[in-house]
Amino acid sequence: MKTKIKELRKQRKISQEELALAVGTTRQTITSIEVGKYTASLVLAYKIARYFDLTIEEVFDFSEFNEVNK
Amino acid sequence: MEKYRKTIRKRMILCGFLAAVAVGLGILHQSEFFDLISLYTPNEALAGFQAGLLSGFGVLSLLLLYKYGKAVKDDTKLKILYNKEYDERQNLIRQKAGMPMLMITSGIMIFAGIIAGYLNEIVFYTLILAAMIQLTLGAMVKIYYMRKM
């Protein structure tokens, strides 16, 4: 899944370690989420979005899940 | 975080106990105590392996004791340790690698192997080899998922 975490971090000059410590995860997990290897849980996604004062949709790109069968 | 600090303190006590047991067994190993109670005379290689494993347990316990001791005094280090332990990705990788049951069973097998070594050589080698293969496979699966996720 694509995310804007890396650019948000760069804008606010925050390191991966600082973000990881603030949201209760590890630097390695932040790296994996940034490169799209790992999809964060709803709780972690919420914590990351809250950290940047944004909504989950503003941080995480859900466009690949837009086609939902109703 | 205070609850976690208490948990770490309990672990420190356990590590201290394990280190003491390893040292105690090491002393008994060096003395002729086990020679008196064993059914056969263990060969040099077996005795050396047992001593090495015991030393390994002792050193590992002391290293953990040192690591926990530093974390208990520093809030940031404690938070990092907590995050590492409860990190969702790490937990998923551990689950996929069969942890913590794999570590528990391997630990029991190694410990049983050390004790059995004083009574029967074949049982000792079988238990240690099985535990080593189990741990190696677990480590390989863990490395695979750490790279994949």
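Quick notes on the rules
- Residues numbered from 1 in each chain as written.
- Chains lettered and ligands numbered in written order.
- Predicted model: local features only at pLDDT ≥ 70, side-chain atom pairs only at ≥ 80, totals over all residues.
- Heavy atoms only, no water.
- Helix = DSSP H or I, 4+ residues; strand = E, 2+ residues; numbered from the N terminus.
- Rg over C-alpha atoms; globule rule 2.2 N^0.38 Å.
- Buried < 20%, exposed > 50% of the residue type's maximum accessible area, 1.4 Å probe, protein only.
- Contact = heavy atoms within 4.5 Å.
- Areas by Shrake-Rupley, 256 points an atom, 1.4 Å probe, with all protein chains shown as cover.
- Buried area = accessible area lost by both parts, 1.4 Å probe.
- Salt bridge = Lys/Arg side-chain N within 4 Å of Asp/Glu carboxyl O.
- Polar contact = N/O pair within 3.5 Å; in protein donor to acceptor, adjacent residues only side chain to side chain.
- pLDDT = per-residue confidence, 0-100.
- Phe/Tyr/Trp six-rings, centres within 6.5 Å; stacked < 30°, edge-to-face > 60°.

A. Seen up close, the overall build of chain A. A tally of regular secondary structure across chain A gives five helices and zero strands. When its helices and strands are written in sequence order, chain A yields α-α-α-α-α. Compactness check: chain A gives a C-alpha radius of gyration of 12 Å against a globular reference of 11 Å for 70 residues, within 12% of the reference. By its C-alpha atoms, chain A is 40 × 20 × 20 Å across when sized along the principal axes.

B. Quick peek at the overall build of chain B. Regarding its fold elements, chain B presents seven helices and zero strands. Ordered by position from N to C terminus, the α and β elements of chain B give α-α-α-α-α-α-α. Principal axes of the C-alpha set define a box for chain B whose edges measure 50 × 35 × 20 Å. Taken over 149 residues, chain B has a buried fraction of 31%. Taking contacts inside chain B between residues at least 6 apart in sequence as the whole, the part at least 24 apart equals 72%. Carbon and sulfur atoms form 71% of the exposed surface of chain B, whose accessible area is close to 9,500 Å².

C. Quick look at the interface of chain B and chain A. Listed as interface residues are 13 residues of chain B and, on the opposing side, 13 residues of chain A. For the pair chain B and chain A, the summed buried surface comes to about 1,000 Å²; carbon and sulfur atoms form 50% of the total. On the surface where chain B and chain A come into contact, there are zero salt bridges. Linking chain B with chain A are nine residue pairs in polar contact (both at pLDDT 80 or more), by the criterion used here. Here the element with the most residues in the side of chain B that touches chain A is helix 4 (residues 75-86) of chain B; it accounts for five residues.

D. The arrangement of the confidence of the model for chain A in detail. Scored by pLDDT, chain A has a mean of 92; 96% of the residues are at 70 or more. Of all the helices and strands in chain A, helix 5 (residues 56-59) of chain A carries the lowest mean pLDDT, 94, while helix 4 (residues 42-51) of chain A carries the highest, 96.

E. Structural context of the side chain of Thr26(A). For Thr26(A), the location among the structural elements is in the loop between helix 2 (16-23) and helix 3 (27-35). The buried category is assigned to Thr26(A), whose relative accessible area is 8%. Within polar-contact distance, the side chain of Thr26(A) engages the side chain of Thr29(A) at 2.9 Å. Contacts of Thr26(A), omitting those with residues within four sequence positions, involve Ala20(A), Asn83(B), Lys84(B), Asp87(B) and Gln90(B).

F. Quick peek at the side chain of Arg5(B). Residues and elements named next belong to chain B. Within the secondary structure, arginine 5 is located in helix 1 (residues 2-30). Here valine 72 takes part through its backbone oxygen, which lies 2.4 Å from a polar atom of the side chain of arginine 5. If sequence neighbours within four positions are ignored, arginine 5 has contacts with Val72, Asp75 and Leu78.

G. Region of interest: the environment of Arg27(A). All names here are of chain A. Examined against the element boundaries, arginine 27 turns out to sit in helix 3. A relative accessible area of 34% means that arginine 27 is categorised as partly exposed. A sequence separation of 24 residues divides arginine 27 from tyrosine 51, and the C-alpha atoms of the two residues are 15 Å apart. For arginine 27, the contacting residues outside a window of four places in its chain are Gln16, Glu17 and Ala20.

H. Structural view of the packing of aromatic side chains. Considering all chains together, one arrives at six aromatic pairs over all chains under this definition. Taking 5.3 Å as the distance between ring centres and 85° as the angle between the ring planes, the aromatic pair formed by Tyr51(A) and Phe52(A) counts as edge-to-face. Taking the relative accessible area as the measure of exposure, Tyr51(A) reaches 31% and is therefore partly exposed. On the numbers, 4.6 Å between centres and 35° between planes, the contact of Tyr82(B) with Tyr86(B) is tilted. Linking Tyr82(B) with Tyr86(B), this pair stays in helix 4, spanning four residues, or about one helical turn. Judged by relative accessible area, which is 46%, Tyr86(B) ranks as partly exposed. Linked through ring pairs, Tyr4(B), Tyr82(B) and Tyr86(B) together constitute an aromatic cluster.

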